[in-house]
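# Examination of the molecular architecture
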Amino acid sequence: MVGEKIIDKEYLKKVDMEVKMIPLTFDVVLKGVFERNRDLLKKFVISVLKLDIEESDTDIEIVKNELLKENIKEYQKRVDILVILNDNIHVDIEINRSSFEKSKFRNSLYCDKLYTTLLETGEKATELKKFYLYQLNLNTEDKSTPYGEDMIVLYSTATKEIFIDNKIMVLKYLEFYRKLYYTNGDNLEEDEIWLAALTAKNFTELNEMLSHILNARDRSRFVKEAIRMSKLNFSLRDWETEKMNDLMREEAKRVDREEGFQAGIEQGIEQGIEQGIEQGIEQGIEQTNITNIKN
């Protein structure tokens, strides 16, 4: 457990100069921070999903408790944050580091798989009605989306009603909430600030964002754990590797675009030359025919 000493702005400024913050949107860091602060994970989930339950009366269980990976080999065994509240509300937290368009099939299939595991052997399918399954997708890549939230449910086009209302995919576009924080920060709800805080670029910013929704002691616990996770060698190495892989993928896309553009130019020139030759031949034949007729 991280110490209870309250951190201040001067301390954080110093830390920011010495430690590079690995974003909370790097899944292993978010898992580590929340694993050691389960009460704050509960607060986060209830707030972000707008669940109509009392925080003080809610039990929380992390199903896959091997979330903390403190060596490089274990880290490769990535797991999701799968939470159960009060035995009947299951929440799968996914960090989407690619556009949702690319990950929607994988996520929807995983959501369906989780839904089928809610029943014990021998229970009837109708027993599913007593459970709720939320898949919370925290999207980091669709940065130009003009809205913050989208929800996907099984919907009847005949009755215009939700067919199944206890299996819900929730999309949260984090960049939207970051922009919202810096344009309308004084009027944000708790869930909006939580989501903006996940985009913090340094520990000072993270602390400032959380100051609107957490008391000093809780905020210190959360930020200290973010600092600790950023110092772990395996976290830093893998984050840098992932960033490099992202850069390489973007560079490959750029090269493909440029090569495609260049190929298009060359093909256009080639087609133009061929058409010019054909037109020249046709004009020559036509001119020859005209001359023959005159003679």
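Above this text you will find the structure in question.
Let us look at the structure shown here. (Residues numbered from 1 in each chain as written. Predicted model: local features only at pLDDT ≥ 70, side-chain atom pairs only at ≥ 80, totals over all residues. Heavy atoms only, no water.)

Regarding its fold elements, the protein chain presents 10 helices and 6 strands. Buried positions account for 42% of the 295 residues belonging to the protein chain. The long-range fraction of contacts in the protein chain, counting pairs at least 24 apart against all pairs at least 6 apart in sequence, stands at 67%. Of the roughly 17,500 Å² of accessible surface on the protein chain, a fraction of 51% belongs to carbon and sulfur atoms. (Helix = DSSP H or I, 4+ residues; strand = E, 2+ residues; numbered from the N terminus. Buried < 20%, exposed > 50% of the residue type's maximum accessible area, 1.4 Å probe, protein only. Contact = heavy atoms within 4.5 Å. Areas by Shrake-Rupley, 256 points an atom, 1.4 Å probe, with all protein chains shown as cover.)

Core analysis: the largest hydrophobic core is formed by 58 residues, its most contacted members being L24, F44, L138 and L206. In this structure, C111, Y115, L128 and F131 belong to the second largest nonpolar core, which totals 12 residues. (Core = buried A, V, L, I, M, F, W, Y, C linked by side-chain atoms within 4.5 Å.)

Another aspect to go through is the environment of V33. Relative to the elements of secondary structure, V33 occurs in helix α2 (residues 27–35). Each C-alpha atom, one on V33 and one on E225, is 5.4 Å from the other, the two residues being 192 residues apart in sequence. Here V33 is in contact with L24, F222, E225, A226 and M229, once residues within four sequence places are set aside.

If you walk through the whole model with that rule in mind, you get 13 salt bridges. A salt bridge links D39 to R221; the nearest nitrogen and oxygen atoms lie 2.7 Å apart. Remark: R221 occurs in helix α9 (residues 216–231) and D39 occurs in helix α3 (residues 38–48); sequence separation between them is 182 residues. The salt bridge involving E149 is made with K172; its shortest N-O contact spans 2.4 Å. Taken together, the positions of E149 in strand β5 (residues 149–156) and K172 in strand β6 (residues 161–173) put the pair 23 residues apart, joining distant regions of the chain. When its relative accessible area of 0% is taken as the criterion, K172 is described as buried. Counted as one network, the salt bridges with shared partners bring together R36, E225 and R228. (Salt bridge = Lys/Arg side-chain N within 4 Å of Asp/Glu carboxyl O.)

The next subject is the packing of aromatic side chains. Any aromatic ring pair is given by two values, namely how distant the centres are and how the planes are angled relative to each other. A full pass over the atoms with the stated rule returns 8 aromatic pairs. Summarising the aromatic geometry, the rings of F44 and W194 are spaced 5.4 Å apart at their centres and angled 85° between planes, so their arrangement reads as edge-to-face. One end of the pair, F44, is in helix α3; the other, W194, is in helix α7 (residues 190–197), with 150 residues separating them in the sequence. Summarising the burial analysis for this pair, F44 and W194 share the class buried. Linked through ring pairs, F34, F44, W194 and F222 together constitute an aromatic cluster. (Phe/Tyr/Trp six-rings, centres within 6.5 Å; stacked < 30°, edge-to-face > 60°.)

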